[in-house]
Amino acid sequence: EIKATRARKYKPDERFDLCFVDATHVYPGVQQEFNDARTYSKITALHDIVLEPGVKQLWAEIKDSNKPEDYTEITNDKNEFPGSLGIGILHPGFN
């Protein structure tokens, strides 16, 4: 497991294919963690985009600053998954 504080020190020769962020839910923390993960990954996923205010705010900003074909949003619009909090995936260039 690479925690956000250690991720800032991690300098891989190649980028990860995917990083999944499911950590703090306050805006400044999740923004930092997402940006750290994005630095080291081709695709970055973010958990809790529906109900957690800080994560929801960041996901709205990500969607506003990227083309729709560069992100995917998985939510519980049909109530198929009780308690689902949503996943947002930023995948620029992988459409």
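Look a little higher up for the structure.
This is a predicted model, so every value here is computed, not measured. (Residues numbered from 1 in each chain as written. Predicted model: local features only at pLDDT ≥ 70, side-chain atom pairs only at ≥ 80, totals over all residues. Heavy atoms only, no water.)

Participant: I tried to follow the environment of Arg15 on my own but got confused; where do I start?
Facilitator: Tracing the backbone shows Arg15 in the loop between α1 (4–7) and β1 (16–21). Excluding its chain neighbours within four sequence positions, the residues that come into contact with Arg15 are Arg38, Thr39, Tyr40, Ser41 and Lys42. (Helix = DSSP H or I, 4+ residues; strand = E, 2+ residues; numbered from the N terminus. Contact = heavy atoms within 4.5 Å.)

Participant: Explanation requested: the pattern of salt bridges in the structure shown.
Facilitator: Think of it this way: side chains of opposite charge can pair up when their charged atoms draw near. Within the structure shown, the criterion is met by two salt bridges. With a shortest N-O distance of 3.2 Å, Lys42 and Asp17 are connected by a salt bridge. Separated by 25 residues along the polypeptide, Lys42 in strand β2 (residues 41–47) and Asp17 in strand β1 bring together distant segments of the chain. What makes Lys42 partly exposed here is its relative accessible area of 36%. (Salt bridge = Lys/Arg side-chain N within 4 Å of Asp/Glu carboxyl O. Buried < 20%, exposed > 50% of the residue type's maximum accessible area, 1.4 Å probe, protein only.)

Participant: Would you explain the sheet that holds β1 in this entry?
Facilitator: Strand pairing in a sheet is mediated by backbone hydrogen bonds. Such pairs are either parallel or antiparallel. Pairing within the open sheet is mixed, and its four strands lie in the order β1-β2-β4-β3. Lying at the two open borders of the sheet, with one neighbouring strand each, are β1 and β3 (71–74). Strand-to-strand twist across the sheet, computed as the mean angle between neighbouring axes with direction ignored, equals 15 degrees. (Pairing = 2+ DSSP bridges. Axes fitted to C-alpha atoms, helices over the stretch in contact; angles between N-to-C directions.)

No statement about biological role is implied by the geometric values presented.
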